[in-house]
Amino acid sequence: MFLHALSEQQKTHFFDLAQQMIVADDMVAEPEVAYLDRLYWEAGLVGRAGLGDVEAAVDLSIFDSLKARLVVTVELLIIAIVDGEYHPKEAEYANAMVAQFGITPDQHATLCSIAENAAQALVDMRNLAD
Amino acid sequence: MFLHLLDDSQKRAFIALAGNMVTRDGRADSIEVAYLKRLMIESGLGRDLGDISSSDSVEPGLFASRAAQCAVIAELLIISILDGTYDDGEAAFADSLVDVFGLSSSDHAELCRIAEDAAGALSKMQGLVG
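All values reported here derive from a predicted model rather than from experimental measurement. (Residues numbered from 1 in each chain as written. Chains lettered and ligands numbered in written order. Predicted model: local features only at pLDDT ≥ 70, side-chain atom pairs only at ≥ 80, totals over all residues. Heavy atoms only, no water.)

Visitor: So what's going on with the packing of aromatic side chains? Residues and values would help.
Guide: All names here are of chain A. Per the stated rule, a full pass over the model turns up four aromatic pairs over all chains. Note on F14 and F15: the rings are 5.3 Å apart at their centroids and 65° apart in plane angle, and the pair reads as edge-to-face. You can call F14 buried: its relative accessible area is 0%. Each ring, one from F63 and one from F101, has its centre 5.9 Å from the other, and the planes form 80°; the classification is edge-to-face. Note that F63 is positioned in the loop between α2 (30–42) and α3 (66–81) and F101 in helix α4 (residues 88–101), a separation of 38 residues in sequence. On the accessibility criterion, F63 (2% relative accessible area) is buried. Aromatic ring contacts, followed pair by pair, group F14, F15 and Y40 into a single cluster. (Phe/Tyr/Trp six-rings, centres within 6.5 Å; stacked < 30°, edge-to-face > 60°. Buried < 20%, exposed > 50% of the residue type's maximum accessible area, 1.4 Å probe, protein only. Helix = DSSP H or I, 4+ residues; strand = E, 2+ residues; numbered from the N terminus.)

Visitor: Provide a residue-level description of a nonpolar patch on the surface, including the pertinent values.
Guide: A cluster of nonpolar side chains, A:V23, A:V28, A:V33 and A:V54, forms an exposed patch at the surface whose accessible area comes to about 250 Å². Residue position: A:V54 is located in the loop between α2 and α3. (Patch = residues over 30% accessible without salt bridge, like charges linked within 9 Å, V, L, I, M, F, W, Y side chains within 5 Å. Areas by Shrake-Rupley, 256 points an atom, 1.4 Å probe, with all protein chains shown as cover. Salt bridge = Lys/Arg side-chain N within 4 Å of Asp/Glu carboxyl O.)

Now the structure itself:
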């Protein structure tokens with residue numbers, strides 16, 4: 001939803017993180033995959049996306065602006081909750097990212113609120129349009 | 001946010017409708033224009049807002065699927081409320097398209113809720129990252 005704010009290289013690294021978030025709770029929910037597909041489309045990477053090693057560490061230094069770090073975090077939060085559940089392992093993964101990115105508690109709370117709005121809109125649209 | 005539900009010809013027609021919605025209230029607010037530009041980029045239609053033609057009508061049958069109809073209305077509603085107001089002219093335009101598509105009043109109400117959630121997410125994100 002907000003990937004237009006990232007550079008091409010940042011988008012590639014973001015998708016490595018997104019794949020890690022999707023498997024963080026040891027389940028791959030269909031709504032999560034659907035949203036990931038939508039993000040690939042938004043990023044212009046449909047059919048060109050690589051499948052990263054979800055165990056491999058991602059170099060976070062590529063996200064060298066606060067804006068990029070906030071965008072990455074909110075998109076990961078949307079992925080985490082778009083299936084209607086915020087699993088403790090997903091929260092643990094998100095919290096680790098928040099800490100590594102130096103995001104403040106106030107910013108984190110706002111990002112959670114944004115993610116809730118966005119996920120709700122996505123879920124409601126899927127239910128309506130299907 | 002939902003343009004992935006449209007095919008290329010539908011995207012082009014939608015952008016013309018969006019161009020009309022942006023100026024419907026007699027002014028083009030920066031947040032509406034910014035969102036329109038983002039939609040153009042997502043659609044693969046470039047970044048030049050000067051390329052946008054404005055239309056207040058749709059070719060019957062172009063948006064034949066329910067998913068496409070819902071996506072068009074939701075995106076137009078998002079554009080119309082992003083600036084914090086829902087002008088009478090904007091509402092009349094949205095209402096006319098809802099009628100053309102034959103969507104029910106409950107569908108319309110649900111699309112308004114979806115647009116409010118999506119616009120809320122977009123506005124809060126803009127407030128956070130600028």
